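# An overview of the molecular structure
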Amino acid sequence: MKDTEQKLTPMLQQYMDVKKMHPDKLLLFRMGDFYETFFDDAKLASKLLGITLTARDRRSDSPVPLAGIPYHALDRYMDKLIRSGTKVVICEQVEDPKLAKGLVKREVVEIITPGAIVDDQYIDGKENNFLAAVYTGSRKKDYGFALIDISTGDFHFTTLRSTQLADEILRKQPVEIVVLDDDLLQALEELRLPYNPVLTGFDNPFFDASEGYQLLLNQLGTTTLDGFGASQNDPGTIAAGLLISYLTSLKKSDLNHIRTLRRYAIEEAMQLDETSRRNLELVKNLRSNTREASLIGVLDQTKTPMGARLLHQRLLHPLIHRKEIERRLNAVYECKDLFHITEDIRTLLDTIGDLSRILSKAGTQRINPRELLTLTSYLSTAPQLVSMLEGFSNDIFTECVEQIGDYSDIVREIEDALVENPPVQITDGNLFRDGYHKELDELRQISRDGKGWIARLEQKEREESGIPSLKVGFNKVFGYYIEVTNTHLDKVPEHYIGKQTLVNSQRFISPDLKEYESKVLGAEERIQNIEYELFVKIRARIFEETPRLLQYVGIIAEIDFITNLAWIAYHNNYCRPAFNDEGILEILDSRHPVVERLLVGEAFIPNDISLNHQDHLIALITGPNMAGKSTYLRQVGLIAVMAQMGSFVPASSANMPVFDKVFTRVGASDNLAMGQSTFLVEMIETSNILNSATPNSLILLDEIGRGTSTFDGLSLAWSIVEYIHNIKRLKSMTLFATHYHELTELENVLDGVKNYNVSVKEWNDEMVFVRKIERGGSDQSYGIQVARLAGMPDKVIRRAKQILENLEAHELSPQGLTARMRKQLASQTPQRDIFEILYEKTEEKQGLLDEVRDLELDKMTPLEALQYLMELQKKI
């Protein structure tokens, strides 16, 4: 905010006083029917929202920039501000301007930042909208990391090593990250994350570990945090307390829906680094960075937003404890087996919307009348759901039945109170049913009977006064009145009181009319006040019940998650995976879950995979590009992730170990922002794998070494395979796809390496992809054939074949011709190849080359060019 030298009006001074408290935020200042912005905020709002920038006091020497939006259009404009990453302060009028003495009183009622959004219309229903906090102690070795989704109440924390922080941020992808000190803020900026979270420095000099701990105790309503795995001096606990401190500074309302806190450790789930998550396309595809054509795009057939968000979380956190995996698989198996009940459950779930975000609004006391009625419809599903779940015997559903509460008292209370189709705004009136409140009914009767009472009064006054044209009317300025034309003024009763003189008539008021006016106008105001008081009371009741109702949210999410996986398994012909402790990976007829759904007009070709820790540790897969090596590697990785998430998998059978980590190095990419070439990125990612993998890990490597010279790349690839095979702390099951068919010699050197190739058939020098993985190595790379498929000119293809033959014969001449080729050409007619002629270093030929180089083709006509070409041919 730039300082202004002109004398400010009282209203602008009020604006500036608020702005000084929030210099880094856009201030929306309520003035009547508009939210106004001034000075630099006006310029920013005009740019972000596409609204007109005008000025206040245009004729003065220092006009004040001004831009505003209608108050009723706030939601539409707020969406744009949130998407731009802007923090917004809403300053409302907190008293009636008509009753204000002097300047209208205004207060900040809410501060909205990208990570502190409750309204679901601004955020994706299928993913969490996380706000994160990062905290580091004086030693700066460990980082406290906490996440909260204020729209759902999800609240988690952990402690990370410095090397884990960036990857965990990328896995959770918070939209906003809060820190206390500037050094940490700068460190986060230097990470150069591939997405752009809002980084917020929270200036709170009073915050420390003890305050953070106390804030958590108050929020969770407990006397200790031991039950949540939190201790006072733990960096993760402090980060969680920092989140509550920050949210409290933003929100004037309560956060009653935040009643649970969960510690997690990244070692408790299968570890998938950002490179592997990206290469496997778990939640975003590599081409468009959207859910389409990703694994979650195939697996997500959930019926509720809560189930969709749970699926997203669990896909990124596959289990590593076999007992828990089997527990989920048991539930999925039973749902698949009793599919008729599963379909009924999914039909019921389809009637439930985002219950967790409605309860979040109840917890912040922002829920509106229509949302309250929607809440009852969601809660009313509980008895029917219990009846359906009782048909199952698996542990998960049995526990759900025990935990589902009786919400009939809340449903009945709301339905007895509210009309069937209440307005959205509390102040719109007509919220409550007739018969709900005695005084409200009486006042409504007075208000509704107004026309009848006026008609009866008008008839009575006509009869008593003898004035047939007498009328009783109403306007906003004078209220109720009796109008008498000038011709009948002599008949006006004495108790009439003059109120207004018109050209042809006069208006009066009588004691009866005055009493009625007071009663009616008072009734309308009283009706509004009673309805508001009644709604606030109901809202407070739901606020108190929020913790109990939140339990139903978790149950709905769990049931939706399990029945979704059963539906996917049933319709996609997936099998139940089995797990072993013997280090055996054997999958028959494995398929890529995404590619098989995208194929049109052809069937996906399934393939087997067999590895073990005894004599089959590494599968070395050769074959041409485009043959399906990368797809094969990815499908094995995806099957491992799906199985440990608790899902059935695309195969006819699967027997596998529980993997602690899955690593993938697939495809080529660079990092220009960090000054890293494609090959350097490849080596960094491969180094991470070799330094981090264990004997319980699965490694998927594709085309290692192709970013450098042939012999460098081949040497590196050979050495990497040896390292994985020989180093005891490593010895990970590995699929290694390569175009270096020379590596097939490794099978003769290393006991645990076995050769495979992607079958290719050649027909009349054309290549046909069979896409079947077969035992044995490939003896060529088929690169030139692939180039032909890509549409490379025939002349390039012919020349490439000549050079390839030369290279394979290890006798490359300056012309790129083998000795056999040169001898063959010499025995033919005197007409010689132009390349051979031009490479001869004679003075005559050099002159000819210079002549061609200096030719100005753009200044020649087509005929002149043709004539020159004929002359050139004669010279050659």
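Check the entry above for the structure.
Our subject in this report is the structure included herewith.

Criteria and thresholds
- Residues numbered from 1 in each chain as written.
- Predicted model: local features only at pLDDT ≥ 70, side-chain atom pairs only at ≥ 80, totals over all residues.
- Heavy atoms only, no water.
- Helix = DSSP H or I, 4+ residues; strand = E, 2+ residues; numbered from the N terminus.
- Buried < 20%, exposed > 50% of the residue type's maximum accessible area, 1.4 Å probe, protein only.
- Contact = heavy atoms within 4.5 Å.
- Areas by Shrake-Rupley, 256 points an atom, 1.4 Å probe, with all protein chains shown as cover.
- Salt bridge = Lys/Arg side-chain N within 4 Å of Asp/Glu carboxyl O.
- Pairing = 2+ DSSP bridges.
- Axes fitted to C-alpha atoms, helices over the stretch in contact; angles between N-to-C directions.
- 1 Å grid on protein atoms, 1.4 Å probe; cavity = no way out; pocket = protein on both sides within 12 Å on 5 of 7 lines; lining within 4 Å.
- Points joined across faces, edges and corners; volume = space filled by probe spheres on them.
- Nonpolar A, V, L, I, M, F, W, Y, C, P; charged D, E, K, R; others polar.
- Phe/Tyr/Trp six-rings, centres within 6.5 Å; stacked < 30°, edge-to-face > 60°.
- Lys NZ or Arg CZ within 6 Å of the ring centre and 35° of its normal.

## Let's talk about the overall build of the protein chain
From N to C terminus, the protein chain includes 30 helices and 26 strands. Sorting the 876 residues of the protein chain into buried and exposed places 49% on the buried side. Sequence separation of 24 or more characterises 67% of the internal contacts of the protein chain that already satisfy a separation of 6 or more. Carbon and sulfur atoms make up 50% of the accessible area of the protein chain, which totals about 43400 Å².

## Examining the environment of Met683
Mapped onto the secondary structure, Met683 falls in helix 23 (residues 678-692). It is 8.4 Å that separates the C-alpha atoms of Met683 and Ile704, two residues lying 21 residues apart in sequence.

## Details of unusual backbone geometry
With phi around 55°, Phe39 is a residue other than glycine that occupies positive phi space. Looking at the secondary structure, you find Phe39 in helix 2 (residues 39-49). The backbone of Ala293 shows a phi angle near 65°, a positive value even though the residue is not glycine. Looking at the element boundaries, Ala293 is found in the loop between helix 8 (274-279) and helix 9 (295-299).

## Points about the pattern of salt bridges
Pairing between side chains becomes possible if they bear opposite charge and their charged atoms approach one another. Scanning all chains against the criterion turns up 40 salt bridges. Of the charged contacts, one joins Glu685 and Arg665 as a salt bridge, the two residues approaching to 2.6 Å between their closest N and O atoms. Here the residue Glu685 occupies a position in helix 23, and Arg665 occupies one in strand 22 (residues 662-665), the gap between them amounting to 20 residues. Each member of the pair, Glu685 together with Arg665, is buried. Connected through salt bridges with shared partners, the residues Glu110, Asp119, Lys361, Arg366 and Glu371 form a single ionic network.

## What about the sheet that holds strand 1 (residues 26-31)?
Strands sit in the order 3-4-2-1-5-6 across an open sheet of six strands; the sheet is mixed. With partners counted over all chains shown, the strands left at the sheet margins are strand 3 (54-56) and strand 6 (106-112), one partner each. Between one strand axis and the next, the sheet turns by 35° as a mean value, whatever way the strands run. With three bridges joining them, strand 1 and strand 2 (residues 34-38) adopt antiparallel strand pairing. Pairing of Met31 across the sheet is with Phe34, part of strand 2. The strands touched by helix 1 (residues 10-21) within the sheet are strand 1, strand 2, strand 3, strand 4 (64-70), strand 5 (88-93) and strand 6, with strand 1 carrying the most contacts at an inclination of about 145°.

## Re empty space enclosed by the protein
Enumeration according to the criterion identifies one cavity of 30 Å³ or more in this entry. Counted as a void, the largest cavity has a volume near 50 Å³. Contributing to the lining of the largest cavity are Glu110, Ile112, Ala116, Ile117, Val118, Asp119, Tyr122, Lys251 and Arg366. Looking at the lining of the largest cavity, its residues break down into five nonpolar, no polar and four charged.

## Thoughts on the environment of Val198
One can find Val198 in strand 11 (residues 198-201). Look at Val198 and you get buried, because its relative accessible area is 15%. Sequence separation between Val198 and Pro174 is 24 residues, and the spatial gap between their C-alpha atoms is 8.8 Å.

## Quick word on the sheet that holds strand 16 (residues 505-509)
With respect to topology, four strands assemble into an open sheet ordered 13-14-16-15, the strand pairing being antiparallel. For this open sheet the edge positions go to strand 13 (471-475) and strand 15 (497-501), each flanked by a neighbour on one side alone. For this sheet, the mean inter-axis angle between neighbouring strands, taken without regard to orientation, is 40°. As paired elements, strand 15 and strand 16 share four bridges and run antiparallel to each other. Each residue of the ladder has a partner; that of Ile497, found in strand 16, is Ile509. This element, helix 20 (residues 511-572), spans strand 13, strand 14 (479-485), strand 15 and strand 16 of the sheet and lies at about 150° to strand 14.

## A word on the packing of aromatic side chains
Working definition: an aromatic ring pair is given by the centre-to-centre distance plus the angle between the planes. Evaluation of the coordinates by the stated rule reveals 12 aromatic pairs. Ring geometry for Phe202 and Tyr246: centres 5.4 Å apart, planes at 75°, overall edge-to-face. In this pair, Phe202 is assigned in the loop between strand 11 and helix 6 (209-220) and Tyr246 in helix 7 (residues 235-250), connecting sequence segments 44 residues apart. Judged by relative accessible area, Tyr246 falls into the buried class, the value being 4%. One aromatic cluster is present, built from ring pairs that chain together Tyr15, Phe29, Phe38 and Phe39. Above the face of the Tyr77 ring, Arg76 is positioned so that its terminal group lies 4.6 Å from the ring centre.

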